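Close look at the chain arrangement
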Amino acid sequence: MNALALYDKPSADFTAKVSRAIALLRETAASHPRLTQASSLGAEDMVVTHLMHLANIEASVFVLDTGKLHTETLALIPQIERRYGTSVQVFRPRQESVIHFVRKNGEEAMYQSIELRKACCDIRKMEPLARALAGHDGWITGLRREQSNARAEVGEIIQEPERVKVSPLVEWTWGDVWHFIGLHRLEYNALHDQFFPSIGCAPCTRAISVGEDFRAGRWWWEQESAKECGLHVQPVSSLLSSTVRTEPVEAPANTTSVLRQAQDERSLS
């Protein structure tokens, strides 16, 4: 059974949610003409890209290629470009920063401590995100309140210091997302068929089991409160000139065994 057959379960107010999302995008585009979509190429973002098409708004689409994405994820870029006749902008981390970090801390530094994992995210995601958003007065995301406790209070519109952040799917369920995908025959990441509901970098993403939380496969060796990379935690503003701490630190006592388990799992995969 593929992801579409498994998850296609719309809520009773699905049609109203679609109408609201399209209206929100149009309203935002009218007041913020330099819009862009931050696409992770997951199911939600494929839906958002199509909603932008239905809303007939002018907005670019960009992807942060961290250098650690799955092949299945990157395969969606040309599919988007063909379907919508647009060019997806790809932003990559600065090579010298990645080389310095890996030489100093190793390719699997993310398993050594939460500090190092977040430093890796800063280099591979946050700094490129700042470049991607430069010159834009608004950005569109696929955030949903249902995704995690950290996102339970996210708003449709958040005014950041330099731009507005719009999330048209905040009230959508996972079933709504997949019903929309099926209804419009959208392409989606093949990893969703392998029980990867939330997909990030390959070293930090795994499939989940029945009954596990939606984002259980992301940074699974960390405590729930630490499971964000920074993209949707704080406004992006001065990251272009910021420096990243890459010194190893000792993991908290209650996470040491989990970190070791994550390292063992990676060595067996």
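That block above? That's the structure.
Because the structure is predicted, anything quoted here is derived from the model rather than measured. (Residues numbered from 1 in each chain as written. Predicted model: local features only at pLDDT ≥ 70, side-chain atom pairs only at ≥ 80, totals over all residues. Heavy atoms only, no water.)

1. Some remarks on the environment of Ser97
Heads up, the condition is: Every helix listed is a DSSP run of H or I at least four residues long, and every strand listed is a run of E at least two residues long, numbered separately from the N terminus. Relative accessibility thresholds used throughout: buried, under 20% of the residue-type maximum; exposed, over 50%; partly exposed, between the two (1.4 Å probe, protein chains only).
Looking at the element boundaries, Ser97 is found in helix H6 (residues 95-105). Classification of Ser97 as partly exposed rests on a relative accessible area of 29%. For Ser97 and Ile123, which are 26 residues apart along the polypeptide, the C-alpha to C-alpha distance reads 6.8 Å.

2. Looking at the packing of aromatic side chains
What counts here: Stacked, tilted and edge-to-face pairs are distinguished by plane angle, under 30 degrees for stacked and over 60 for edge-to-face with tilted covering the rest, among Phe, Tyr and Trp rings (Trp via its six-membered ring) whose centres lie within 6.5 Å.
Overall, the coordinates contain seven aromatic pairs when judged by the stated rule. Ring centres of Tyr7 and Trp178 lie 6.0 Å apart, and the angle between their planes is 40 degrees; on these two criteria the pair is classed as tilted. Of the two residues, Tyr7 sits in helix H1 (residues 3-7) while Trp178 sits in helix H8 (residues 174-183), which places them 171 residues apart along the sequence. Comparing Tyr7 with Trp178, the two get one shared label, buried. Both rings, one in Phe14 and one in Trp172, keep their centres 5.8 Å apart while their planes meet at 65 degrees; by these two values the pair is edge-to-face. With Phe14 in helix H2 (residues 14-31) and Trp172 in the loop between strand E6 (164-166) and H8, this residue pair connects regions lying 158 residues apart in the sequence. For Trp172, a relative accessible area of 2% translates into the label buried. Ring pairs connect the aromatic residues Tyr7, Trp174, Trp178 and Tyr188, which therefore count as one cluster.

3. Some points on the nonpolar core
Defined as follows: Only buried residues count toward a nonpolar core. Its members are Ala, Val, Leu, Ile, Met, Phe, Trp, Tyr and Cys residues joined through side-chain atoms within 4.5 Å. The contact definition used throughout considers only heavy atoms, calling two residues in contact when any of these lie within 4.5 Å.
Counting 34 residues, the largest nonpolar core has Val47, Leu51, Trp172 and Trp178 as the members making the most contacts within it. Of all the secondary structure elements, the ones that give two or more residues to this core are H1, H2, helix H3 (43-55), strand E2 (59-64), helix H5 (76-84) and H8. Ranked by residue count, the leading element in this core is H3, at seven residues. Once residues within four sequence positions are removed from consideration, Leu51 is found in contact with Val18, Ala21, Ile22, Leu25, Leu169, Trp172 and Phe180. Counting residues in each nonpolar core, the second largest holds 15 residues, with Phe101, Met110, Ala119 and Trp220 among its members.

4. Describing the packing of H2 against H8
Keep this limit in mind: Every axis in this analysis is a line fitted to C-alpha atoms, fitted for helices over the stretch in contact. Angles between the N-to-C directions lie between 0 and 180 degrees. Just so you know how the angles are binned, under 35 degrees is roughly parallel, over 145 roughly antiparallel, 65 to 115 roughly perpendicular, and the rest oblique. Think of it as three bins: nonpolar holds Ala, Val, Leu, Ile, Met, Phe, Trp, Tyr, Cys and Pro, charged holds Asp, Glu, Lys and Arg, and polar takes everything else, Gly as well.
It is the contact of H2 with H8, at a shortest axis distance of 11 Å, that shows an interaxial angle of 80 degrees. Regarding the angle of H2 to H8, the classification is roughly perpendicular. In contact with Phe14, Lys17 and Val18 of H2, H8 contributes Asp176, His179, Phe180 and Leu183. Here the residues of the contact of H2 with H8 sort into four nonpolar, one polar and two charged.

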